[in-house]
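Geometric and topological summary
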Number of protein chains: 2
Amino acid sequence: MKAVPSSGWARFETDYHEFPECDLALDLSRLSWEPGYVAQMAKPMERVFAHMKALEGGAIANPDEKRQVGHYWLRDAALAPDPTQAQAVRDAIAQVKAFAHEVHSGALKGQSGEFRNVLVVGIGGSALGPQLVANALGDGRRDRLRPAFLDNTDPDGIDRALQPLREALGRTLVLVISKSGGTPETRNGMLEVAAAYRSQGLEFARHAVAVTQFSDQSSLYRLANDSKAPWLRCFPMWDWVGGRTSVTSAVGLLPAALQGLDIDGLLAGARQCDVLTRRDLVTANPAALMALAWHHTGGGRGAKDMVVLPYKDRLDTMARYLQQLIMESLGKELDLDQRVVNQGIAVYGNKGSTDQHAYVQQLREGLNNFFVTFIEVLRDREGASIEVEPGITAGDFLNGFLLGTRAALHEKGRESVTLTLGRLDAFTLGTLIALFERTVGLYAALVNINAYHQPGVEAGKKAASAILGVKSAVLGVLKASPGKGFTAEALSAELETKSRAAGDAEVVFKICQHLAANPQTGVQRTHATPPTRSLFSYQHAS
Amino acid sequence: MKAVPSSGWARFETDYHEFPECDLALDLSRLSWEPGYVAQMAKPMERVFAHMKALEGGAIANPDEKRQVGHYWLRDAALAPDPTQAQAVRDAIAQVKAFAHEVHSGALKGQSGEFRNVLVVGIGGSALGPQLVANALGDGRRDRLRPAFLDNTDPDGIDRALQPLREALGRTLVLVISKSGGTPETRNGMLEVAAAYRSQGLEFARHAVAVTQFSDQSSLYRLANDSKAPWLRCFPMWDWVGGRTSVTSAVGLLPAALQGLDIDGLLAGARQCDVLTRRDLVTANPAALMALAWHHTGGGRGAKDMVVLPYKDRLDTMARYLQQLIMESLGKELDLDQRVVNQGIAVYGNKGSTDQHAYVQQLREGLNNFFVTFIEVLRDREGASIEVEPGITAGDFLNGFLLGTRAALHEKGRESVTLTLGRLDAFTLGTLIALFERTVGLYAALVNINAYHQPGVEAGKKAASAILGVKSAVLGVLKASPGKGFTAEALSAELETKSRAAGDAEVVFKICQHLAANPQTGVQRTHATPPTRSLFSYQHAS
């Protein structure tokens, strides 16, 4: 009886794969799949590889939106089917580097002097990639510019993001990133930031840079090119790059270059991993192997959650990044034949060994409704380590906890996949990003869904927009009769007759509750029992 | 047809509950439960309330570890069954305040001057509570001490946490928090931090404070009380407080008080919520209602994941905090009658509306394997807001996105619970913490499990410890024959004969791979095909 339970050496020899070109290894020996599974899936994988080849060749791989899917061209422009696209990719990279050089050299300054900070205003695909890279590769006080992020429309959150920059706005470069140019959270953040500049007598436009589609359909593009107050620069996004796969476009490269990170290394790692994951022999292709692992463990229908556990503090944004990449790509109601399939894989996690002290209790003993993706980084740190016990370093403990946890889970029939990187740097981060992008693409093709659209996101936006309409209408009714108290039901009835923006009494109640909590609105609440019968009235704005 | 789908006013009037004592409301109208469910569960809930009453009265509520469960006494010492416990709670709070005053007033200084920073070294229950509070209530540059955290044994992560403090160690207070005093990650972090102090000619003990059990069984307690170099202070933890419910003990109060936060408010909010959630009428008790919501939606066996979405940036640590509180408490193999039940509820989430741009696509369209817990905060910010559209603020958008998203999910049959706070402050944060603690306790009693132990965590620790043993043995074999190359299989065979620390070839391979990636070890790898046949040899430490 071994102290450390394992699957056995023979199983490990079969299911452990190294890819030295990418400083990467993949261990599938802790999956409970039968030996013949990979061979058995060779036939469906042929179709999958053909699909991916067509996609990379420029086919309309996102049929709903009638778009090409070109994120693989971002790191190998020569692959783009259209020479104009190839040139656009090359130009954008050159412009990013040239701009970063202008900023670092001090040729381009803010109103108070050389730029010291870069504030990224964006959300979703326009924030998670930049956050992942900044966090994984950033070097604290050695960074050329200190990165900060504003990724929501929370007023208090905006105050909080701006607070440490208040005295340095004149030396802060603001990157506003929105592909469509119309994302409300980003627009709101930008307006609040611009107001902060104005309040200090600074010109926002002299500190502002946009990343958006070059089209007058983007209000961000129009604003950045306003002849009265043009922004410093505008970098392109293209409709053939999705937000969640945009980290190797200007969206990810520009903040990284400004921070002083190695964007050539990032692109090289992604490019090299693309070469590897283009192979049509499954056992030689880590993305194909991972896609099959996902398929087997979740029965091709996401029956198991994916717990992402990188044993490296720098990768503690990885799980959130993958949450978006995987869930937004795979979480679909319909397949490509328009059948209802309700696909997806739920993704969560933070970092090891920290999370062992949070929920590994449940992973080992509780519901067996997950598989773990361990991410191991072999190199502990740049310098030498002290001993924390004779002959043992903190890094040995980290490694021991990873191996110990996967053994303890395996012993209880909990599956895992282990990705190993020799070290964490720009190159291997690029590799990781490209590996998961490709795995998602292959898995989506395998289960026959469109990984490149997000039709379910619209409904929430439309409902939110309707709610803002109801809010204005509610406030209109209240203001028309100052001092008069209305129940939510009475207000709702008024709206039915007076306004097209009808919301039912529940929505009206929720809106009034929010109004009454913010003195600026002038709305007051008189409590009643039951609380749903409370009276709301307009007094005066404070 | 309404623009905003809802459950209807009648349903809302039944399932919307306000608790003004706690500035709290709970909306269960978006659950798909039948109207009579709460009444139907009244009988089992009687047993649950009796169990909770016994627990609060000092019964051995954690039978495996034969311990009392006393976190409710931390905010109302008079409830503690033993006057010694009550006095200990009161004394600890007074000592925390007195110590914070000493530090803030400058009466107690570091070697380089008044303390400016507080570095918390801890993991799991000794980190997540302090992080939650620091993040939710912190005020950036207005904080009395700037908080930082070291919550892992990642060498690079330790370097990263220390980097911004390097020049300020002499003005940094280090809190080392470990109930048992023997958590290896915390011990390692402490040793690395102490080495950093030493390397600058500073005395670590003059900047160090411990929070641990007052017992010689705690190596941390012994170290902090070493007569040669006693630490500044030692604060108590008790065996009747679990790590994941320790945030209202010195574990959470000390860092918060040092940061300058309102710990009286935090305790008052928790105490007030305890009063509320002690009620044995389900509809008057928000924790009982939540426990029934969890029970219904997951069929009493955690069939649905819980997605935690606070629409407030300051609460972006909440999901991680709840992940620990809920999963470590509920994720159990055996019930109290020793039957195999594999219980649990998987918890994940970050914040809204940010996450709408990440995975709400899957929530609305994909797998229906979850319910959402929305956390709404009505007050947008302290000051006034600008308009981002005529009559509309950034906070209106945040509110609109919350209401819009839950409507869009509801429309597709996805369930949710909404918690509403009037504002976010120390009091309501205390309320939230106590609410979830009590909900977990009630739910655990309902499904008949021990919520207060974590037997599954030990296996991983033991396996990790075994791996460290194998590592030392492997290095011993390699060093005994410098320059000689061994395969993992050969090394494993050597260990079988020479050492009790036997690991199979897979574990040996993984250990060697880690050794060879860190030059300090002197181990080199000669690659082979297949990679599992690579040769490892000891050359010389670099």
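For every chain, the first residue of the written sequence is number 1, and numbering continues from 1 along that sequence. Chain letters and ligand numbers both follow the written order, the letters beginning at A and the numbers at 1. Note on the predicted model: pLDDT of at least 70 is required for a residue's local features to be given, and 80 or more for side-chain atom pairs to be given and counted; whole-chain, interface and lining totals, by contrast, use all residues. For the side-chain quantities, the full set of heavy atoms in the structure was used; hydrogens and water were omitted.

What about the domain arrangement of chain A?
Residue ranges assigned to the domains are those given by an automatic or database domain assignment. Taken as a whole, chain A is organised into domain 1 (9–59 + 283–453), domain 2 (82–261) and domain 3 (456–538). With centres defined by C-alpha atoms, the gap from domain 1 of chain A to domain 3 of chain A works out at 47 Å.

Focus on the relation of the copies chain B and chain A
To line up the copies, we fit them by least squares on C-alpha atoms, keeping just the residues with pLDDT of at least 70 in both. For the pair chain B and chain A, the superposition axis carries a translation of 0.0 Å, the fit reaches an RMSD of 0.0 Å, and the rotation angle comes to 180°. Read as a symmetry element, the transformation amounts to a two-fold axis. Of every C-alpha in chain B, the one belonging to B:Tyr348 sits nearest the axis of rotation, 3.0 Å from it. Contacts are assigned to residue pairs that have any heavy atoms within 4.5 Å of one another. A shared binding surface is used by both copies, with 99% of the interface residues of chain B retained as interface residues in chain A.

Overview of the packing of aromatic side chains
Only centres within 6.5 Å qualify two rings of Phe, Tyr or Trp (six-membered ring in Trp) as a pair; their planes then separate them into stacked at under 30 degrees, edge-to-face at over 60, and tilted for everything else. Following the criterion strictly, the structure yields 35 aromatic pairs over all chains and no others. Centroid distance B:Trp73 to B:Trp240: 5.3 Å. Interplanar angle 45°. Geometry classified as tilted. Here B:Trp240 lies in the loop between strand 9 (233–237) and helix 9 (250–259) and B:Trp73 lies in the loop between helix 3 (42–56) and helix 4 (83–105), a separation of 167 residues in the sequence. In terms of burial, B:Trp73 and B:Trp240 fall into one category: buried. Ring geometry for B:Phe509 versus B:Phe536: centroids 5.9 Å apart, planes at 75°, classification edge-to-face. One end of the pair, B:Phe509, is in helix 18 (residues 505–516); the other, B:Phe536, is in strand 15 (residues 535–538), and 27 residues separate them in sequence. Only protein chains enter the accessibility calculation, which uses a 1.4 Å probe; a residue is then buried when its area is under 20% of its type maximum, exposed when over 50%, and partly exposed in between. The exposure class assigned to B:Phe509 is buried, which follows from its relative accessible area of 0%. An aromatic cluster of three or more residues is present, and its members are A:Trp9, A:Phe12, A:Tyr16, B:Phe509 and B:Phe536. We count a stretch as a helix when DSSP gives it H or I for four or more residues in a row; a strand needs E for two or more, and each element gets its number in order from the N terminus.

A short note on the interface of chain B and chain A
Each side of the interface is counted separately: chain B has 147 residues, and chain A has 146 residues. Taking both partners together, chain B and chain A bury about 13300 Å²; carbon and sulfur atoms supply 53% of that area. When the buried surface of chain B facing chain A is broken down by residue, B:Trp9, B:His357 and B:Glu506 rank first, second and third, together holding 6% of it. Definition used for salt bridges: Asp or Glu carboxyl oxygen within 4 Å of a side-chain nitrogen of Lys or Arg. Note that A:Arg314 is salt-bridged to B:Asp156, the shortest N-O span being 2.6 Å. Each of two parts loses accessible area, computed with a 1.4 Å probe, when they are put together; buried area is these two losses added.

Some details on the environment of B:Leu292
Residues and elements named next belong to chain B. Locating Leu-292 in the fold gives a position in helix 11 (residues 286–297). As a C-alpha pair, Leu-292 and Asn-225 span 67 residues in sequence and 47 Å in three-dimensional space. Setting aside residues up to four positions removed in sequence, Leu-292 forms contacts with Trp-33, Tyr-37, Val-38, Met-41, Met-45, Val-282 and Leu-446.

Things to note about the sheet that holds strand 1 (residues 16–19) of chain A
Residues and elements named next belong to chain A. Here we have 6 strands laid out as an open sheet, ordered 1-2-13-12-10-11, and mixed in their pairing. The open sheet has two edge strands, strand 1 and strand 11 (347–348), and neither has a second partner. In this description, strands pair whenever DSSP reports at least two bridges between them. Pairing geometry for strand 12 (residues 370–377) and strand 13 (residues 416–421), over 6 bridges, is parallel. Within strand 13, the position partnered with Ile-375 by the bridge is Leu-419. With respect to the sheet, helix 15 (residues 426–446) is in contact with strand 2 (24–27), strand 12 and strand 13, its orientation differing from that of strand 13 by roughly 150°. Only the contacting stretch of a helix is used when fitting its axis, a line to C-alpha atoms as for every element, and angles between N-to-C directions run 0 to 180 degrees.

A few points about helix 3 (residues 42–56) of chain A
Residue and element names in this part refer to chain A. The terminal C-alpha atoms of helix 3, which comprises 15 residues, lie 21 Å apart, in line with the 21 Å expected from a rise of 1.5 Å per residue. Residues of helix 3 that are buried include every one of Met-45, Val-48, Phe-49, Met-52, Leu-55 and Glu-56, and no others. Looking straight down helix 3, one finds that the buried residues subtend no more than 115° of arc, so they occupy a single side. With respect to the buried face of helix 3, the exposed residues turned more than 90 degrees away are Lys-43 and Lys-53. Elements in contact with the buried residues of helix 3: helix 11 (286–297) and helix 15. Of the residues one or two after helix 3, Gly-58 is the one with positive phi, at around 105°. Helix span, expected: 1.5 Å multiplied by one less than the number of residues in the helix. In this description, one arc is meant: the one made by directions from the helix axis to the C-beta atoms.

Topic: the side chain of B:Asn152
Following the sequence through the fold, B:Asn152 ends up in the loop between strand 6 (146–150) and helix 6 (155–162). Judged by its relative accessible area of 2%, B:Asn152 is buried. A polar contact of 2.9 Å, which involves the side chain of B:Asn152, links it to the backbone oxygen of A:Gly352. A distance of 3.1 Å separates a polar atom in the side chain of B:Asn152 from the backbone nitrogen of A:Ser353. Those residues in contact with B:Asn152, other than ones at most four positions away along the chain, are A:Asp313, A:Lys351, A:Gly352, A:Ser353, A:Thr354, A:Leu398, B:Ile123, B:Ile158 and B:Glu185. Under the rule applied, a polar contact is a pair of N or O atoms within 3.5 Å (in protein, one hydrogen donor and one hydrogen acceptor; residues adjacent in sequence only if both atoms are side-chain atoms).

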